Amino acid sequence: MSFNHKTINELHDLLVAKEISATELTQATLDDIKSREEAVGSFITVSEEAALAQAKAIDEKGIDADNIMSGIPLAVKDNISTKGILTTAASKMLYNYEPIFDATAVANAYQNGMIVVGKTNMDEFAMGGSTETSYFKKTKNAWDHSKVPGGSSGGSATAVASGQVRLSLGSDTGGSIRQPAAFNGIVGLKPTYGTVSRFGLFAFGSSLDQIGPFSQMVEENAQLLNVIAGADSKDATSAPVQVADFTSKIGQDIKGMKIALPKEYLGEGIDPKIKENILAAAKQFEKLGAIIEEVSLPHSKYGVAVYYIIASSEASSNLQRFDGIRYGFRAEDATNLDEIYVNTRSQGFGEEVKRRIMLGTFSLSSGYYDAYFKKAGQVRTLIIQDFEKVFADYDLILGPTAPTVAYDLGSQSQDPVAMYLADLLTIPVNLAGLPGISIPSGFVDGLPVGLQLIGPKYSEETIYQAAAAFEATTDYHKQQPVIFGGDN
């Protein structure tokens, strides 16, 4: 029996009433994973034995009636550390790495009685937008298996969209939660920088990375963020703010809410059908009482260039630790220390990772630092100021999550520039450290479209309020792919 069509609230009620046990729910989830995994390829590792042992312990202790996540299964992106569970970042470099500690987000999930059922596939070290750079497998879109699932958190997105799990965790450096959420017709939130601890998240771009939740519905997303968010002494960039209840505004109307629609988000490079979809969604927000007005974010056009200098520079520094000495892959054909370093990194990293390491190293090198990294930092400040000006007058920003729907597998993997440009709508949010969500807003050519809502720092409750209001008056979130029992 499958339970993944039920909401988290419904599952919680069943668990509290003892109509199902955590063990039964976990086993049903594992069965769903097995039955659909060959079609979509969401998981690198399924931790069946550990998950069932954890579920049994929760059943023996008893479901916590006051804790909505008690006994609920969770899938975790494979760049988030899980003690005793293989954690590879989808790289040959870490093909055999089993951490000895949990990421804080995972520890928080465990403390709330959640059960980790497996680690999801991703672009290698989160570098990519299609989950095609993984060393292990290529993940397929839940709606059309000939299309990409988006990336880098493609496995986490398809695991939810295909009904393998109800909830999952991803990470977002330049759109890696929101874009796959859009491509798979589910909800994905990138929290404000510092809201969720980065301790235990494999660092890619340290000033950009954030762990965040995937879900079928908006309220479930907020419920999972309640669990994983919070200040953490292990992370120097963790925000010292008290976590509110992120569900607190869900259900409130949005009459009078001012929402900005940047002209740059509907301009060059945006599929006309996507533009039409987003303008229709804006009309829906107006029907709900929101005030929609056009604004300008003039420096957003530089976001992709700025991002790939800053993110690659930070990556070139962060990935120095993978050298074949302490853990992970080590080249066997080395005869001295230099060859261990060079051969291990040459053989252990994929092409996209090596490309970004080289790009970042060049940007930081003597004679080029001022022209590239320093200049990128200055333009980043201008992008931040653009947002600040808009948020002085508006509550939220609305736009598409991605310029197109999911594209064919293999169609952009040999064209890194085309892949990079696909993130032009999500990247500025990371550069400014803002929260952003992608929610389903309809279909184009039979594939899901994502609507992005962006707010000022620490405005997740308002984002969820607006997203839930839209969700409550549309039925896009109710439509499922064939693999999940839908008609599409």
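Residues numbered from 1 in each chain as written. Predicted model: local features only at pLDDT ≥ 70, side-chain atom pairs only at ≥ 80, totals over all residues. Heavy atoms only, no water.

- As recorded by an unreviewed UniProt entry, the protein chain carries the name Glutamyl-tRNA(Gln) amidotransferase subunit A and is attributed to Streptococcus hillyeri.
- Here the protein chain is described in UniProt, under the heading Subunit (unreviewed entry), as follows: "Heterotrimer of A, B and C subunits."
- Reading the Function (unreviewed entry) entry of the UniProt record for the protein chain gives the comment "Allows the formation of correctly charged Gln-tRNA(Gln) through the transamidation of misacylated Glu-tRNA(Gln) in organisms which lack glutaminyl-tRNA synthetase. The reaction takes place in the presence of glutamine and ATP through an activated gamma-phospho-Glu-tRNA(Gln)." (UniProt positions renumbered as here; feature names shortened; annotations may be inferred.)

Comments concerning the overall build of the protein chain
Moving on, step 1. Across its full length, the protein chain holds 15 helices and 11 strands.
Moving on, step 2. Relative to the 2.2 N^0.38 estimate, which gives 23 Å for 488 residues, the radius of gyration of the protein chain is 21 Å and therefore close to what a compact globule would have.
Moving on, step 3. Referenced to the eigenvectors of the C-alpha coordinate spread, the extents of the protein chain come out at roughly 65 × 55 × 45 Å.
Moving on, step 4. Looking at the protein chain as a whole, 61% of its 488 residues qualify as buried.
Moving on, step 5. When contacts within the protein chain are restricted to residue pairs at least 6 apart in sequence, long-range pairs at least 24 apart make up 76% of them.
Moving on, step 6. Surface accessibility of the protein chain: about 18300 Å² in total, with carbon and sulfur atoms responsible for 51%.
Moving on, step 7. Computed over 41 positive and 58 negative side-chain charges, the separation of the two mean positions in the protein chain equals 4 Å. (Helix = DSSP H or I, 4+ residues; strand = E, 2+ residues; numbered from the N terminus. Rg over C-alpha atoms; globule rule 2.2 N^0.38 Å. Buried < 20%, exposed > 50% of the residue type's maximum accessible area, 1.4 Å probe, protein only. Contact = heavy atoms within 4.5 Å. Areas by Shrake-Rupley, 256 points an atom, 1.4 Å probe, with all protein chains shown as cover. Lys, Arg positive; Asp, Glu negative; His and termini not counted. Charge placed at Lys NZ, Arg CZ, Asp CG, Glu CD.)

Section: the nonpolar core
Moving on, step 1. Grouped together as the largest cluster of nonpolar side chains are 140 residues, with contacts concentrated most on F125, F285 and F387.
Moving on, step 2. Aside from chain neighbours lying at most four places away, what touches F387 is Y265, L297, I397, P428, V429, A432, L434 and I454. (Core = buried A, V, L, I, M, F, W, Y, C linked by side-chain atoms within 4.5 Å.)

Concerning the packing of helix α9 (residues 303-318) against helix α11 (residues 351-364)
Moving on, step 1. Put simply, α9 and α11 touch, their axes get as near as 7 Å, and they point 100° apart. Comparing their axes, α11 and α9 come out roughly perpendicular. Taking contact as the criterion, the partners of Y308, I309, S312, S313 and S316 in α9 are, on α11, R356, I357, L359, G360, T361, S363 and L364.
Moving on, step 2. Of the residues that constitute the contact of α9 with α11, the class distribution is 5 nonpolar, 6 polar and 1 charged. (Axes fitted to C-alpha atoms, helices over the stretch in contact; angles between N-to-C directions. Parallel < 35°, antiparallel > 145°, perpendicular 65-115°, else oblique. Nonpolar A, V, L, I, M, F, W, Y, C, P; charged D, E, K, R; others polar.)

What to know about the layout of surface pockets
Rolled over the atoms, a probe sized like a water molecule indicates the empty space that remains.
Moving on, step 1. Computed from the structure, the largest pocket encloses a volume of approximately 310 Å³.
Moving on, step 2. Around the largest pocket sit 21 residues that line it, and E132, T133, E352, R355 and S413 are the ones nearest its centre.
Moving on, step 3. Elements that contribute at least two residues to the lining of the largest pocket include exactly α11 and α13 (416-421).
Moving on, step 4. No other element matches α11, which puts 5 residues into the lining of the largest pocket.
Moving on, step 5. Taken together, the residues of the lining of the largest pocket break down into 5 nonpolar, 8 polar and 8 charged. (1 Å grid on protein atoms, 1.4 Å probe; cavity = no way out; pocket = protein on both sides within 12 Å on 5 of 7 lines; lining within 4 Å. Points joined across faces, edges and corners; volume = space filled by probe spheres on them.)

Quick word on helix α1 (residues 8-16)
Moving on, step 1. Buried within α1 we find I8, L11, H12, L14 and L15. The arc that holds the buried residues of α1, viewed along the axis, is 165°, so those residues lie on one side.
Moving on, step 2. Residues of α1 that are buried in the fold lie against α2 (22-40), β4 (167-172) and α7 (218-228).
Moving on, step 3. Following α1 by one or two positions, K18 adopts a phi angle in the positive range, close to 60°. (Arc of directions from axis to C-beta.)

Looking at the environment of Y369
Moving on, step 1. Here Y369 is to be found in the loop between α11 and α12 (370-391).
Moving on, step 2. The residues contacting Y369, other than those within four sequence positions of it, are S363, L364 and K374.

Considering the UniProt feature "active site" (unreviewed entry) in the protein chain
Moving on, step 1. When the UniProt feature table is mapped onto this chain, "active site" (unreviewed entry) is found at K77, S152 and S176. Judged by maximum C-alpha separation, these annotated positions cover 100 residues in sequence but sit close together in space, the widest gap being only 11.0 Å. Lining residues of the largest cavity drawn from the annotated list: S176.
Moving on, step 2. Mapped onto the elements, S152 comes out in the loop between β3 (115-120) and α5 (154-161).
Moving on, step 3. Relative accessible area serves as the criterion here: at 0%, S152 is assigned to the buried category.
Moving on, step 4. Summarising the element assignment, S176 is placed in the loop between β4 and α6 (178-184).
Moving on, step 5. Given a relative accessible area of 7%, S176 falls into the buried group.
Moving on, step 6. Discounting chain neighbours no more than four positions away, the residues touching S176 are K77, A126, G128, G151, S152, S153, S171 and F214.
Moving on, step 7. Engagement of the side chain of S176 in a polar contact is seen with the backbone nitrogen of S152, the distance being 3.1 Å. (Polar contact = N/O pair within 3.5 Å; in protein donor to acceptor, adjacent residues only side chain to side chain.)

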